[in-house]
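# Topology and contacts: notes
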Amino acid sequence: MKRKDFFKGTAAILGSLAITRDLKPAELGRWLLRTAGDDEEYFWKLVRDQFILDPDWTYLNFGGLGSCPLPVLKSYDEWSRSEERAPSAGHDEKEWMSVKEKMAAVLGKTCRKEDLGLIDCASAGINMIVNGLPLKKGDEVITSTHEHVALHTALLNRMQREGIVIRVFEPDKASGRTNVDRIAALINPRTRLIFVSHVTCTTGQRFPDKDIAALARSKGVWFAMDGAQAPICVPFDIGETGVDFYTCSTHKWLMGPKRTGFIYVRKEMLDVLRPLTVGAGSNKSYDIRKLEFTLHPTVQRFEFGTQNDALFYGLGKAIDFVTTIGTDRIWKHNHALAERFYAGLKEIPGAEIVSPEEEVYRTSMISFKMKTIDYTKVNEHLAKDKIKVRTVTEGGANCIRVSFHICNHDGEVTKILDSLKKLAG
Ligand SMILES: Cc1ncc(COP(=O)(O)O)c(C=O)c1O
């Protein structure tokens, strides 16, 4: 290690420790920028120092589950302690709304805090959408074969309960645009809803959101997206996509505490989607004697009952963290690592890339398989080298998915490629 690097490394550790004592996000941002100056590599090293990930492992699975940076852990700890010291029902409205305000700012220019509800996770949001829409027996829903179990099971559940009809298409990895044609081919007068991932959990493919939305609008069909893998992973403006309903787990790419997420409803669609579970928070007013009930006039109607406030205030700090670094900067960093990995895979004998062929539909998650080695064996091999990835079985993909996020660096791309070269012999 060079002397300069040693001092830099030491400064980073001491700096991180100082920050752990007083983690004000705005100060953290200024500290990161001031300390790193224009040294990009050093900047990302300082960012990595904000995580307690096991240093023995190379963690390439933020698409599976994120890790919270120190400011989030600290905030969660402090809010939990204050809650346990003086338990108090309800939540701090100002703080709660500030989380939605920050989330709306990340999601785009026209997104408003009123368009968002803070919920448990994408699975919860998917169920709110699938079950809350006024679908009846024989109504058709279009989805892909590459959806997460959360969406497939929610649709199958409604099919079994109420006889909706599910139509599926196989995503095309050669041409992103072909997916729109495949969806269009399934539309008929009984079609009511198109519900697909924004970014698939199988191959990290980004679906052409605006084109699907335009198709849906032209046919008078609702359009919902499962965004569990999208915000922060890919840049987009939710209003510009034209989606009607959207949900996300914020404990992955957004690095919020576990069991946090949101649901978005385009404002014109609010009264189309009925919450099936309601409670304190969902109502504007009610009176059991008069048998009156008015839902909350915003997407807050999907929030109900006692909340674990500390989780969501921690999420607020996670949003501060990503906006401090800059969502564009994160995308460029992560996508560059993913692209280097994608190019490297092409040089490995027997490696078959299953992620999209067109870069515009590729994200920061790349999936592959080895032609003659079962994907479970590839996973075992990588685990022996202490590299954590995710095996993908959804849609019969049977492959390995590798996610690149802000904790990762070029050396780790080299490490996984070297490990695969060793496996390929
Ligand atoms: C595309 C997609 N949708 C939904 C989910 C479910 O997320 P959760 O278990 O956080 O609800 C996942 C989780 O990996 C996912 O990748």
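The text that follows walks through the structure, step by step, so that each part is easy to find. Just so you know, these numbers come straight off a predicted model, no measurement behind them.

## Quick notes on helix α7 (residues 149-162)
End to end, α7 covers 19 Å across 14 residues, agreeing with the expected 20 Å (1.5 Å per residue, within 8%). Along α7, the positions that sit buried rather than exposed are A150, L151, A154, L155 and R158. Angularly, the buried residues of α7 cover 125 degrees about the axis, an arc narrow enough to put them on a single face. For α7, the secondary structure elements touched by its buried residues are α6 (122-132), β3 (140-144), β4 (165-169) and β5 (191-197). Following α7 by one or two positions, G163 has its phi on the positive side, about 75 degrees.

## Looking at the pairing of strand β10 (residues 292-295)
Pairing between strand β9 (residues 283-287) and β10: four bridges, direction antiparallel. Among the inter-strand pairings, D287 is bridged to a residue of β10, identified as E292. Where β9 folds back onto β10 in an antiparallel hairpin, the turn is made up of four residues, including L291, whose phi is positive at roughly 55 degrees.

## Thoughts on the site of the ligand
With respect to spatial proximity, the complete set of residues near the ligand consists of C121, A122, S123, H148, S197, C201, D226, A228, Q229, S249, H251 and K252. The backbone of A122 places a nitrogen or oxygen atom 3.5 Å from an oxygen atom of the ligand. Look at the ligand: alone it shows 390 Å² of surface, and the protein chains cover 87% of it.

## Looking at the pattern of salt bridges
Considering all chains together, one arrives at 31 salt bridges under this definition. E162 serves as the salt-bridge partner of R158, at 2.8 Å between the closest nitrogen and oxygen. Here E162 and R158 lie together in helix α7, a separation of four residues that amounts to about one turn. Among the residues examined, R158 registers a relative accessible area of 4% and is labelled buried. E162 sits in the partly exposed class, given a relative accessible area of 32%. R161 is the salt-bridge partner of E162, the closest N and O atoms lying 3.1 Å from each other.

## Some details on the packing of helix α4 (residues 70-85) against helix α11 (residues 309-325)
In contact at an axis separation of 8 Å, α4 and α11 are set at 155 degrees when each is read in the N-to-C sense. One element, α4, and the other, α11, form an angle in the roughly antiparallel class. Considering how the two elements wind past one another, α4 and α11 form a crossing that is right-handed. Across the interface between the two elements, P71, V72, S75, Y76, W79, S80 and E83 from α4 touch D309, A310, L311, Y313, G314, K317, A318 and F321 from α11.

## Things to note about the nonpolar core
Ranked by internal contacts, the top residues of the largest apolar core, which has 68 residues, are V47, I194, F223, Y246 and I406. No other element matches the nine residues that α11 contributes to this core. Among all residues touching V47, those that are not within four sequence positions of it are L32, F321, I325 and I406. Grouped together as the second largest cluster of nonpolar side chains are 25 residues, M128, A224, I263 and F302 included.

## Here's the deal with the packing of aromatic side chains
According to the stated counting rule, one finds 11 aromatic pairs in the structure shown. Site record: aromatic cluster; members linked through ring pairs are F51, Y59, F62 and F321. It is R329 that lies over the ring of F43; its NZ or CZ is 3.7 Å from the centre. Here the basic side chain of R362 rests over the ring of Y342, its NZ or CZ set 3.6 Å away from the ring centre.

Parameters and conventions
Residues numbered from 1 in each chain as written. Predicted model: local features only at pLDDT ≥ 70, side-chain atom pairs only at ≥ 80, totals over all residues. Heavy atoms only, no water. Helix = DSSP H or I, 4+ residues; strand = E, 2+ residues; numbered from the N terminus. Expected span 1.5 Å × (residues − 1). Buried < 20%, exposed > 50% of the residue type's maximum accessible area, 1.4 Å probe, protein only. Arc of directions from axis to C-beta. Contact = heavy atoms within 4.5 Å. Pairing = 2+ DSSP bridges. Near = heavy atom within 4 Å. Polar contact = N/O pair within 3.5 Å; in protein donor to acceptor, adjacent residues only side chain to side chain. Areas by Shrake-Rupley, 256 points an atom, 1.4 Å probe, with all protein chains shown as cover. Salt bridge = Lys/Arg side-chain N within 4 Å of Asp/Glu carboxyl O. Axes fitted to C-alpha atoms, helices over the stretch in contact; angles between N-to-C directions. Parallel < 35°, antiparallel > 145°, perpendicular 65-115°, else oblique. Left-handed = near helix turned anticlockwise from the far one by under 90°. Core = buried A, V, L, I, M, F, W, Y, C linked by side-chain atoms within 4.5 Å. Phe/Tyr/Trp six-rings, centres within 6.5 Å; stacked < 30°, edge-to-face > 60°. Lys NZ or Arg CZ within 6 Å of the ring centre and 35° of its normal.

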